[in-house]
Amino acid sequence: FFFATVAGASAQTSVSPFVTAIDSILRDFPNNLRHITGDLVMAQGEFENYASMVQLPGSADCIITRWHSTGDTTASWQAKMYSGGDFNAAEKCYHQLYRQLKGCYMRLQDSSLVYLSGEWNPAKEEAAFTSSTLRLGIDDWRYSKVEVELELVYQLADWAVQINIVSKQPDEMPAAASRF
């Protein structure tokens, strides 16, 4: 039913499936991503990975990670968007995804839209890691730590581009303060 609703809403308003997926993920953050968590994919000592029921168009894999921590019980969402040996193709994907994310929003209950905003960090081939972070411009404690991180990373002779949506605490903040 959830997917039919998302697909129907997308068809009626001609919103891109990419925007619809990001909206669905962001709106489920106060629920710790429980409404979009699918089957268990992998369990290890410190974390579990689950399939995401919301797939981002063009992604190779979308997962939800739950950590076994007493200080921080929040979940994170990740999509692998590109993997390959060509830096120029990876950089193009990274830049295109940033432009798409800048057009993404979360629809509030009153139907108003809150857009993602952030600063672009250009990729450089000599840097093994580049990221750009976007946040929702909303004064709601449930979203105060939510970040959308777009990363371009060099891993084992390949470039990878991924989108991470996380609830991140500042480095100086104790772990217990990060709970929703």
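Note that this is a predicted model, so its numbers are computed, not measured.

Thresholds applied
- Throughout, a residue's number is its position along its own chain's written sequence, starting from 1.
- pLDDT decides what is reported in this predicted model: residues at 70 or higher carry local features, side-chain atom pairs at 80 or more are listed and counted, and totals for whole chains, interfaces and linings draw on all residues regardless.
- For side-chain calculations, the full set of non-hydrogen atoms in the structure is used, while hydrogens and water are omitted.
- Counting from the N terminus, the helices are DSSP H or I runs at least four residues long and the strands are E runs at least two residues long.
- The cut-offs for exposure are 20% and 50% of the maximum accessible area for each residue type, with area from a 1.4 Å probe on protein chains only; residues under the lower value are buried, those over the upper are exposed, and the others partly exposed.
- Whether two residues touch is decided by their heavy atoms; if any such pair falls within 4.5 Å, the residues are in contact.
- What makes a salt bridge here is a side-chain nitrogen of Lys or Arg within 4 Å of a carboxyl oxygen of Asp or Glu, nothing more.
- By nonpolar core we mean a set of buried residues, namely Ala, Val, Leu, Ile, Met, Phe, Trp, Tyr and Cys, connected to one another through side-chain atoms within 4.5 Å.
- A helix is expected to span 1.5 Å multiplied by its residue count minus one.
- Think of it as the arc spanned by the lines of direction from the helix axis to the C-beta atoms.
- The definition of a polar contact used here is a pair of N or O atoms within 3.5 Å, where within protein one atom must be able to donate a hydrogen and the other to accept one, and adjacent residues in sequence count solely through side-chain atom pairs.
- Pairing between strands requires that DSSP locate at least two bridges from one strand to the other.
- Axis geometry follows a simple rule: fit a line to the C-alpha atoms, using only the stretch in contact for helices, then measure angles between N-to-C directions, giving values from 0 to 180 degrees.

## Side note on the overall build of the protein
So, step 1. When you go through the protein residue by residue, the secondary structure sums to three helices and nine strands.
So, step 2. Traced from its N-terminal end to its C-terminal end, the protein shows the element sequence α-α-β-β-β-β-α-β-β-β-β-β.
So, step 3. Of all 180 residues assigned to the protein, the portion counted as buried reaches 43%.
So, step 4. A sequence separation of at least 24 residues applies to 48% of the contacts in the protein between residues at least 6 apart.

## Let's talk about unusual backbone geometry
So, step 1. Even without glycine at this site, Ser111 takes up a positive phi of about 75°.
So, step 2. With respect to the helices and strands, the residue Ser111 is situated in the loop between β5 (105-107) and β6 (113-118).
So, step 3. Classification of Ser111 by relative accessible area gives partly exposed; the value is 48%.
So, step 4. One non-glycine residue, Leu156, lies in positive phi territory at about 45°.
So, step 5. Along the chain, the position of Leu156 falls in the loop between β8 (146-155) and β9 (158-167).

## Some points on the pattern of salt bridges
So, step 1. For the structure on display, the rule yields three salt bridges.
So, step 2. Arg27 is paired through a salt bridge with Asp23; the nearest N and O atoms lie 3.0 Å apart. In this pair, Arg27 and Asp23 are both assigned in helix α2 (residues 17-27), four residues apart and thus about one turn of the helix distant.
So, step 3. Classification of Arg27 by relative accessible area gives partly exposed; the value is 40%.

## Structural notes on the nonpolar core
So, step 1. With 44 residues, the main nonpolar core has Leu56, Trp77, Leu101, Ile163 and Ile165 as its most contacted residues.
So, step 2. Tallying contributions element by element places helix α3 (residues 87-102) first for this core, with seven residues.
So, step 3. Residues within four places of Leu101 in sequence aside, it is in contact with Phe18, Ile22, Leu116, Leu134, Val148, Leu150 and Ile163.

## Regarding α3
So, step 1. With 16 residues, α3 should reach 22 Å at 1.5 Å per residue; the first-to-last C-alpha distance of 22 Å fits that figure.
So, step 2. By the burial criterion, the buried members of α3 are Phe87, Ala90, Cys93, Tyr94, Leu97, Tyr98 and Leu101. For α3, the angular spread of buried residues about the axis comes to 135°, placing them on one side. The outward face of α3, more than 90 degrees from its buried face, is lined by the exposed residues Asn88, Lys92 and Arg99.
So, step 3. Buried residues in α3 make contact with α2, β4 (75-84), β6, β7 (129-136), β8 and β9.
So, step 4. At the N-terminal boundary of α3, the capping side chain belongs to Asp86, with an oxygen 3.0 Å from the backbone nitrogen of Asn88.

## Here we look at the sheet that holds strand β3 (residues 61-67)
So, step 1. Taken in spatial order, the nine strands of this open sheet run β1-β2-β3-β4-β9-β8-β7-β6-β5, and their pairing is antiparallel. Edge strands, defined here as strands with exactly one partner in the open sheet, are β1 (37-43) and β5. Averaged over all neighbouring strand pairs, the angle between strand axes comes to 25°, with direction disregarded.
So, step 2. Pairing analysis gives ten bridges linking β8 to β9, with the strands arranged antiparallel. Residue Leu150 lies in a different strand from β9, and its bridge partner there is Ile163.
So, step 3. α2 contacts β4, β5, β6, β7, β8 and β9 of the sheet and is inclined by roughly 65° relative to β5.
So, step 4. Against the sheet, α3 contacts β4, β6, β7, β8 and β9, and its axis sits at roughly 175° relative to β8.

## Topic: the environment of Val54
So, step 1. Here Val54 lies in the loop between β2 (47-52) and β3.
So, step 2. Sequence separation between Val54 and His35 is 19 residues, and the spatial gap between their C-alpha atoms is 9.7 Å.

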